[in-house]
Amino acid sequence: MYLNGWLEGNIKTSGKVVIGKDGRISGKVECVNADVEGSFKGELYVSELLALKSSAVIEGTVNVNKLAVEPGA
């Protein structure tokens, strides 16, 4: 799932969630992998890899198996 807009709510998927540079999610997300360039606020549960790009902003609870962070995130 690719999001480059605004979403308030919950997402549960057995795939990958990508939050684009202009994307914003407020809520609970459960997924296997995630790439974040935009902003996220809430609860984030990633069973494999969470990749934070330099423009990423995250507020809330994060539970991950592996974390990759670019400088500036």
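Residues numbered from 1 in each chain as written. Predicted model: local features only at pLDDT ≥ 70, side-chain atom pairs only at ≥ 80, totals over all residues. Heavy atoms only, no water.

Moving on, we come to the pairing of strand 6 (residues 39-52). By the bridge criterion, 8 bridges tie strand 4 (residues 24-31) to strand 6 in an arrangement that is parallel. When the bridges of strand 6 are listed, Val-29 appears paired with Leu-44. Looking at chain direction, strand 5 (residues 33-36) and strand 6 are connected through 3 bridges and run parallel. Paired with Asp-35 across the bridge in strand 6 is Ala-51. Pairing between strand 6 and strand 7 (residues 57-69): 12 bridges, direction parallel. Considered in strand 7, the bridge of Leu-49 is made with Lys-66. (Pairing = 2+ DSSP bridges. Helix = DSSP H or I, 4+ residues; strand = E, 2+ residues; numbered from the N terminus.)

Let us now look at the nonpolar core. Ranked by internal contacts, the top residues of the largest apolar core, which has 15 residues, are Ile-25, Val-29 and Leu-50. Those elements that place two or more of their residues in this core are strand 3 (16-19), strand 4, strand 5 and strand 6. Tallying contributions element by element places strand 6 first for this core, with 5 residues. Excluding anything up to four places from it in sequence, Ile-25 contacts Leu-3, Leu-7, Ile-11, Ile-19, Ser-39, Phe-40 and Lys-41. (Core = buried A, V, L, I, M, F, W, Y, C linked by side-chain atoms within 4.5 Å. Buried < 20%, exposed > 50% of the residue type's maximum accessible area, 1.4 Å probe, protein only. Contact = heavy atoms within 4.5 Å.)

Turning next to the pairing of strand 4. Pairing geometry for strand 2 (residues 6-12) and strand 4, over 7 bridges, is parallel. Across the sheet, the residue bridging to Asn-10 is Lys-28, located in strand 4.

What the rule picks out here adds up to 2 salt bridges. Residues Asp-35 and Lys-16 are paired through a salt bridge, measuring 3.1 Å at the closest nitrogen-oxygen approach. Of the two residues, Asp-35 sits in strand 5 while Lys-16 sits in strand 3, which places them 19 residues apart along the sequence. Taking relative accessible area as the criterion, Lys-16 reaches 40% and is therefore assigned partly exposed. Of the charged contacts, one joins Glu-30 and Lys-28 as a salt bridge, the two residues approaching to 3.7 Å between their closest N and O atoms. (Salt bridge = Lys/Arg side-chain N within 4 Å of Asp/Glu carboxyl O.)

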